[in-house]
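# A closer look at the structure
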Amino acid sequence: MSTSTDDGHPRGRALWERARQVIPGGVNSATRLIGRPYAFTRAEGAYLWDADGNRYVDYHAAFGAILLGHRDPAVDAAAAAATAQIDLVGLGVTEHEVRMAETLREVLPSAEMTISCMSGSEATAQAARLARGVTGRRYLVKVQGGFHGWHDPFARNVISPPERAYRLDPLSSGILPDSLSGTLIAEYNDLESVETFFHAFPEQIAAIIVEPIPHNVGALLPEPGYLEGLRAITEREGAVLIFDEVITGFRHALGGYQQIAGVTPDLTTFGKAMANGYPVAGLGGSRALMENFSSAGGSVLLAGTYNGHPVGAAAALATIDRLRDTDHYPRVRRLGDLMRAGLAEVISELGIPAQVVGEGSVFVVYFVPEPVRGYRDLLGNDDDAYREFHRRMTDSGFLMLPMSLKRNHISGAHTEDDVTRTIDAARTVLTDMCADGFFSGR
Ligand SMILES: Cc1ncc(COP(=O)(O)O)c(C=O)c1O
């Protein structure tokens, strides 16, 4: 990234320049490297302030971890109360952890038992190990476009370019080929692509893992029968069905997207929104499966210094309490519907070949002419237009990650006025993009 131009963000840029001397690339996660605005100093409700004093309506929401709005007073108070009482002990159990597991069992009936860790990647790593450990089988199946954390078994085939989609497309160097080849790549909304693997590798597939809505490539929506079909196939084949609800969990319903879909997986991973930005994640499932962890005498190692941290547990309990006590879900769905309808109207007025999709609080504009079913349909997405739309919206004060296929989130703190102003800004941005020749060749 060039460092020479003055782009109107001198303070943020200076901090990032400092960061680059001591943090690789100046950021602690590669997808945070977006250029301006480089650094942030304040967060509150639906808003973020950058280091140069500009305010943004935040739809990035820390990749979806912010659910109620930044610095929700009830969640922050619960976390502070926990720190006033106890910190990390690392022996036995604390009441916070027990209450969190009990509460999760209430809101997520498939999670008869849960383990708690710090990040979604740890949760999905545990899920992969557990599935392989219990079945004694080698293969895992994921869909092209699904992201399940940065660790070896799943670090392949997310936003793959056409020439590598469905083929070997590692997210990183340094992964043993054997680990990559142990994960097979299917197509979302295509049960046949899954059946093919079960025919090719009979009794060798340990698990299918799927985001019920693959939000890592925007918002692919499950067609009727798809999730049910995955359930039926895994049951028939003795494989484990893992719903990775790290994004969809708590965001779309207290009981995860599985509650909306009416499909019960064997294992569920969750994280992000569950504690409104505090670091906590976990894995839940039936007692029969979960008691295979070494903590219960089983053979699958359960370890982690920070597992069950009281602060994360307290924040999760307070977040869940807030979700139970308020009209959060109907409210953000109404705002989401308003946003999607408003953006669709602008796009139709301007004759742009695009699709506005989403679920509940999540909205996405794909720059493709036809409705999208699976990743194959996204290969024709106009990535330049997508990035440019998000870049110009961000520069206008509406923070949307300027990378292709990234989704946007409405939180409990956004208002109808925020949504209306966003649609107005999108009208200006898309009109300008038309004038600048985007979409003209399509
Ligand atoms: C669906 C899904 N699973 C797992 C992860 C990994 O979570 P974390 O970044 O907390 O390790 C992510 C992160 O974006 C995710 O979107």
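How each quantity is defined
Residues numbered from 1 in each chain as written. Predicted model: local features only at pLDDT ≥ 70, side-chain atom pairs only at ≥ 80, totals over all residues. Heavy atoms only, no water. Helix = DSSP H or I, 4+ residues; strand = E, 2+ residues; numbered from the N terminus. Rg over C-alpha atoms; globule rule 2.2 N^0.38 Å. Contact = heavy atoms within 4.5 Å. Lys, Arg positive; Asp, Glu negative; His and termini not counted. Charge placed at Lys NZ, Arg CZ, Asp CG, Glu CD. Near = heavy atom within 4 Å. Polar contact = N/O pair within 3.5 Å; in protein donor to acceptor, adjacent residues only side chain to side chain. Areas by Shrake-Rupley, 256 points an atom, 1.4 Å probe, with all protein chains shown as cover. Domains from an automatic or database assignment. Buried area = accessible area lost by both parts, 1.4 Å probe. Pairing = 2+ DSSP bridges. Salt bridge = Lys/Arg side-chain N within 4 Å of Asp/Glu carboxyl O. Buried < 20%, exposed > 50% of the residue type's maximum accessible area, 1.4 Å probe, protein only. Phe/Tyr/Trp six-rings, centres within 6.5 Å; stacked < 30°, edge-to-face > 60°. Lys NZ or Arg CZ within 6 Å of the ring centre and 35° of its normal. Core = buried A, V, L, I, M, F, W, Y, C linked by side-chain atoms within 4.5 Å.

### Quick word on the overall build of the protein
Helix and strand counts for the protein stand at 15 helices and 14 strands. What you see for the protein is a C-alpha radius of gyration of 22 Å, in line with the 22 Å of a compact globule of 442 residues. Here the C-alpha coordinates of the protein stretch approximately 65 × 55 × 45 Å along the principal axes. Counting contacts in the protein only where the partners sit at least 6 residues apart, residues at least 24 apart contribute 69% of the total. Averaging the positions of the 40 positive and the 54 negative side-chain charges in the protein gives two centres separated by 3 Å.

### Notes on the site of the ligand
Within the structure, the ligand sits among Ser119, Gly120, Ser121, Phe147, His148, Gly149, Glu211, Asn216, Asp244, Val246, Ile247 and Lys272. Contact between the ligand and Gly120: an oxygen atom at 2.8 Å from a main-chain N or O atom of the residue. Phe147 has a polar backbone atom sitting 3.5 Å from a nitrogen atom of the ligand. Its free accessible area being 390 Å², the ligand has 84% of it covered by the protein chains.

### Quick look at the domain arrangement of the protein
Parsing the protein into structural domains produces domain 1 (10-70 + 327-435) and domain 2 (73-325). The straight-line distance from the C-alpha centre of domain 1 to that of domain 2 is 25 Å. Listed per partner, the contact involves 30 residues of domain 1 and 37 residues of domain 2. Summing the contributions of domain 1 and of domain 2, the shared interface buries around 2800 Å²; its carbon and sulfur component is 55%. Three residues stand out in domain 1 for area buried against domain 2, namely Tyr329, Arg373 and Tyr375, and they jointly supply 26% of the buried area on that side.

### Thoughts on the sheet that holds strand 14 (residues 408-409)
Reading across the sheet, the three strands line up as 11-12-14 and stay open at both edges, with antiparallel pairing between neighbours. Unpaired on one side and paired on the other, strand 11 (355-359) and strand 14 mark the two borders of the sheet. Examined bridge by bridge, strand 12 (residues 362-366) and strand 14 share two bridges and lie antiparallel to one another. In the strand pairing of strand 14, Phe363 is matched with Asn408.

### Let's talk about the pattern of salt bridges
Evaluation of the coordinates by the stated rule reveals 26 salt bridges. One salt bridge connects Glu291 with Arg287, and the closest N-O pair in it is separated by 3.0 Å. What makes Glu291 partly exposed here is its relative accessible area of 35%. Under the relative-accessibility criterion, Arg287 is labelled partly exposed at 44%. When the shortest N-O distance is used, the salt bridge between Glu359 and Arg333 registers 2.4 Å.

### Digging into the packing of aromatic side chains
This model, assessed by the stated rule, comprises eleven aromatic pairs. Between Phe40 and Tyr56, the aromatic rings sit 6.4 Å apart at their centres with planes inclined by 70 degrees, giving edge-to-face as the arrangement. You can see Phe40 sitting in strand 1 (residues 40-44) and its partner Tyr56 sitting in strand 3 (residues 55-58), a full 16 residues away along the chain. Seen from their ring centres, Phe250 and Phe270 are 6.3 Å apart, and the 80 degrees between their planes marks the pair as edge-to-face. One end of the pair, Phe250, is in the loop between strand 8 (240-244) and helix 9 (256-261); the other, Phe270, is in strand 9 (residues 267-270), and 20 residues separate them in sequence. Each of the two residues, Phe250 as well as Phe270, counts as buried. Put simply, the rings of Phe367, Tyr386, Phe389, Phe438 and Phe439 touch in pairs and so form one group of aromatic residues. Here the basic side chain of Arg376 rests over the ring of Tyr166, its NZ or CZ set 4.1 Å away from the ring centre.

### Things to note about the side chain of Glu359
Turning to its location among the elements, Glu359 is positioned in strand 11. Taking relative accessible area as the criterion, Glu359 reaches 11% and is therefore assigned buried. There is a polar contact of 2.4 Å between the side chain of Glu359 and the side chain of Arg333. Leaving out residues up to four positions away in the same chain, Glu359 has contacts with Ile213, Leu221, His252, Tyr257, Ile260, Arg333 and Arg340.

### Focus: the nonpolar core
By size, the foremost hydrophobic cluster in this structure holds 66 residues, and its most contacted members are Tyr366, Phe367, Phe389 and Leu430. Top contributing element to this core by residue count: helix 15 (residues 416-435), with seven residues. Of the residues that make up this core, three or more belong to each of domain 1 (10-70 + 327-435) and domain 2 (73-325).

### Digging into the sheet that holds strand 3
The strand order across the open sheet formed by four strands is 1-2-3-13, and the pairing between neighbours is mixed. Pairing within the sheet leaves two strands with one partner each, and these edge strands are strand 1 and strand 13 (398-399). Bridge analysis of strand 1 against strand 2 (residues 47-50) gives four bridges, and the strand direction is antiparallel. In the strand pairing of strand 2, Phe40 is matched with Asp50.

### A look at the pairing of strand 12
When you tally the buried positions in strand 12, you get five out of five residues, the bulk of the element. Where strand 11 lies against strand 12, five bridges are found, and the strand directions are antiparallel. Looking across to strand 12, one finds that Val357 is bridged to Val364. Following strand 11, the chain reverses through two residues before pairing antiparallel with strand 12; Gly360 in that reversal takes a positive phi of roughly 55 degrees.

### Thoughts on the environment of Ala51
Inspection of the secondary structure assignment puts Ala51 in the loop between strand 2 and strand 3. Each C-alpha atom of the pair Ala51 and Tyr38 lies 7.7 Å from the other, and the pair is 13 residues apart in sequence. If near-sequence neighbours (up to four positions away) are discounted, Ala51 is found in contact with Arg11, Gly12, Ala39, Phe40 and Thr41.

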